[in-house]
Structures are given as C-alpha cells and as structure tokens.
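Residue strings, one per chain:
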Amino acid sequence: MEIGVLGATGPAGGALAARLASLGHDVVTGSRDPARAAAAVTALRERWGDRVRSLQPGSNADAADADLVAVGVQWEGAVATVAQHAPALAGKVVVSMANGLTKVGREFHPRFPDEGSLALAMQKAAPEAQIATAFQHVPAAALGDLDRDLDGDVVVCADDDTARARVIDLVSAIPNLRGFDAGSLANAIGVESFTATLLSINLRHRGSASLRLIGVEPRSVET
Ligand SMILES: NC(=O)c1ccc[n+]([C@@H]2O[C@H](COP(=O)([O-])OP(=O)(O)OC[C@H]3O[C@@H](n4cnc5c(N)ncnc54)[C@H](OP(=O)(O)O)[C@@H]3O)[C@@H](O)[C@H]2O)c1
C-alpha cells in the first residue's frame, strides 16, 4: 500500500513512516518543505539502511496523494493542514495521531478545539475524507526503534466501518501492537484526552508507559 505521512519530519510522523516502510509499504514522507523531508529520509536511511528503502521524501501535497494518509503534524497545525489538503484527501482513509496537549507544571492537560476532539475537527475540515484515530498513546521513540518490538494496544475510532477495519489491520500488522475497535469518532475525545493523563503519569513516575487493555482480545470489526 502507498501511505503518505503529513509532517513526517517530526519524531512521531518520522517514526510511523519508518515503521510502515520497514513492513514493506511505500511511504511518502511529507513536509511543508520538501528539503526538510529529504533530510529526514536521509537520517532515517543512515539509521536503518535497507529496512526503510521504500521511504520517499516529498511535500505534504505529495503525501496527501497517497492511497492512505496519516497526519503526523504538530497538533496545533494538524487541522489546518488537513483542511489545506482536503480535496486530495477526499474518499481516503486519513489517520490522525494528534493529541492536543499543554504542559502545566509537572503535568499535561488536554486541549480541544470547539468540535470536541482534533479528529472531529479534521472530519469537519475534510468532510469527504474518512478520518480515523490511531497511535495516540504510542511513544514516538518506541514506534521509531525498529530493533525493538512494540508492546501496547492502539485504540481506533472512525465513523466509517471499512475505514476503521483498514486502520485496525494496518496497526495489527506491526509486530506486538494490537488494534482495537473503539467505535465512531465521537469517542476520539477520550482517546486524545487520555494522552495527557498518560504523559502526566510518565512524568511523575519517570516512565514511558503506553496503553495495554486487559480482559479483551482483538477481533474483526463488526460491520
Ligand atoms: N511525539 C510523540 O511521542 C507522539 C506520540 C503519539 C502521537 N503524537 C502526535 O503526533 C503528532 C506529531 O508529534 P511530533 O512530536 O512529531 O510533533 P512535532 O515534532 O512538533 O511536529 C511534527 C511536524 O509538524 C510540522 N509542523 C509543525 N508546525 C506546523 C504547523 N503550524 N502547520 C503545519 N505543519 C507543522 C513540522 O513539519 P514540517 O516543518 O517539515 O512541515 C514538524 O516537523 C502530534 O499531533 C502529536 O500529538 C506524538
């Protein structure tokens, strides 16, 4: 599958791009500045060699042309970036990993747009795209360390059943990550806000916890 990552020059987008490339996907690493995308791909190739040979640098517009698109943009710019590329994103599955966060002293607080969650704001900004959420609770350092098996669960929300199923499949193809069906985008607010809680725990416990669900096993999406 060809996957585009908007804002792939940051830790999260770059990590996702490298991980997906290592699984054999063709990945376009997007940036507002293609020169920054080229530098990011060079750095990833220096680190991971042939394992990320399918990475291709490009503009965010190039990334938005891919079959499936992930949004790795800094959260403050994520909704505007989706709005800017809305025509190219129409009819496609678009994966938001964005969390609105502010650090206040020794904790993080969630930040939300008027729509309730960043994912719902993206859906409003690109009404013909199929917005889904995933990877909010996966630390970029772990996601981007291809020598390390990830350990965690990924909560996937989307209004469209097929979009949700495709993203769960994408997540579950990453060794040791399990994708779970959390229903529609109305539930993205809980996913995004829990990140502030998780990061506050990590700060106070000096850890790097992610999410693991107990008492439930992955299963196919009910359509
Ligand atoms: N860091 C993590 O561990 C982690 C984990 C899970 C989810 N996330 C989420 O993943 C997203 C990216 O996180 P990050 O830490 O990688 O972010 P980041 O480094 O702050 O930003 C990522 C990229 O976004 C682009 N960007 C910055 N400001 C922008 C703006 N105003 N408009 C458009 N593009 C802009 C930049 O790329 P160019 O300048 O090259 O365009 C930048 O390299 C966030 O939404 C975050 O909540 C992060």
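Model, not experiment: these values are computed from the prediction.

Caption draft 1: Representation of the packing of helix H4 (residues 75-84) against helix H6 (residues 118-125) in the model. Two elements in contact, H4 and H6, have axes separated by 8 Å at closest approach and are oriented at 20 degrees. Accordingly, the angle class assigned to the pair H4 and H6 is roughly parallel. In terms of crossing hand, the pair formed by H4 and H6 is right-handed. Between H4 and H6, the residues in contact are Trp-75, Ala-78, Val-79, Val-82 and Ala-83 and Leu-118, Ala-121, Met-122 and Ala-125, respectively. Grouping the constituent residues of the contact of H4 with H6 by class yields nine nonpolar, no polar and no charged.

Caption draft 2: Geometry of unusual backbone geometry. The phi angle at Phe-135 is positive, at roughly 70 degrees, despite the residue not being glycine. With respect to the element layout, Phe-135 can be found in the loop between strand E8 (130-133) and helix H7 (140-143). Residue Phe-135 is classed as buried on the basis of its C-beta count, with 30 C-beta atoms lying within 10 Å. Although it is not a glycine, Arg-206 adopts a positive phi angle of roughly 50 degrees. The exposure class assigned to Arg-206 is exposed, which follows from the 6 C-beta atoms found within 10 Å.

Caption draft 3: Main features of the site of the ligand. Neighbouring the ligand are 26 residues, the closest being Gly-7, Gly-10, Ser-31, Gly-77 and Ala-98. For the shell around the ligand, the secondary-structure elements that each account for two or more residues are helix H1 (11-22) and H4.

Caption draft 4: Just the pairing of strand E3 (residues 55-59), in detail. When you tally the buried positions in E3, you get four out of five residues, the bulk of the element. Read as a crossover between parallel neighbours, the route from strand E2 (residues 26-31) over helix H2 (residues 34-48) to E3 is right-handed.

Caption draft 5: The sheet that holds E3, seen in detail. Ordered in space as E3-E2-E1-E4-E5-E8-E9-E10, the eight strands form an open sheet in which the pairing is mixed. Where the open sheet ends on each side, the last strands, each with one partner, are E3 and strand E10 (177-181). For this sheet, the mean inter-axis angle between neighbouring strands, taken without regard to orientation, is 25 degrees. Pairing geometry for strand E1 (residues 2-6) and E2, over four bridges, is parallel. Each bridged residue has a counterpart across the sheet, and for Gly-4 the counterpart in E2 is Val-28.

Reading the values: the criteria
- Residues numbered from 1 in each chain as written.
- Predicted model: local features only at pLDDT ≥ 70, side-chain atom pairs only at ≥ 80, totals over all residues.
- Axes fitted to C-alpha atoms, helices over the stretch in contact; angles between N-to-C directions.
- Helix = DSSP H or I, 4+ residues; strand = E, 2+ residues; numbered from the N terminus.
- Parallel < 35°, antiparallel > 145°, perpendicular 65-115°, else oblique.
- Left-handed = near helix turned anticlockwise from the far one by under 90°.
- Contact = placed C-beta atoms within 7 Å.
- Nonpolar A, V, L, I, M, F, W, Y, C, P; charged D, E, K, R; others polar.
- Buried ≥ 20, exposed ≤ 12 C-beta atoms within 10 Å, placed from the backbone.
- Near = placed C-beta within 6 Å.
- Right-handed = clockwise from strand over helix to strand, strands pointing away.
- Pairing = 2+ DSSP bridges.

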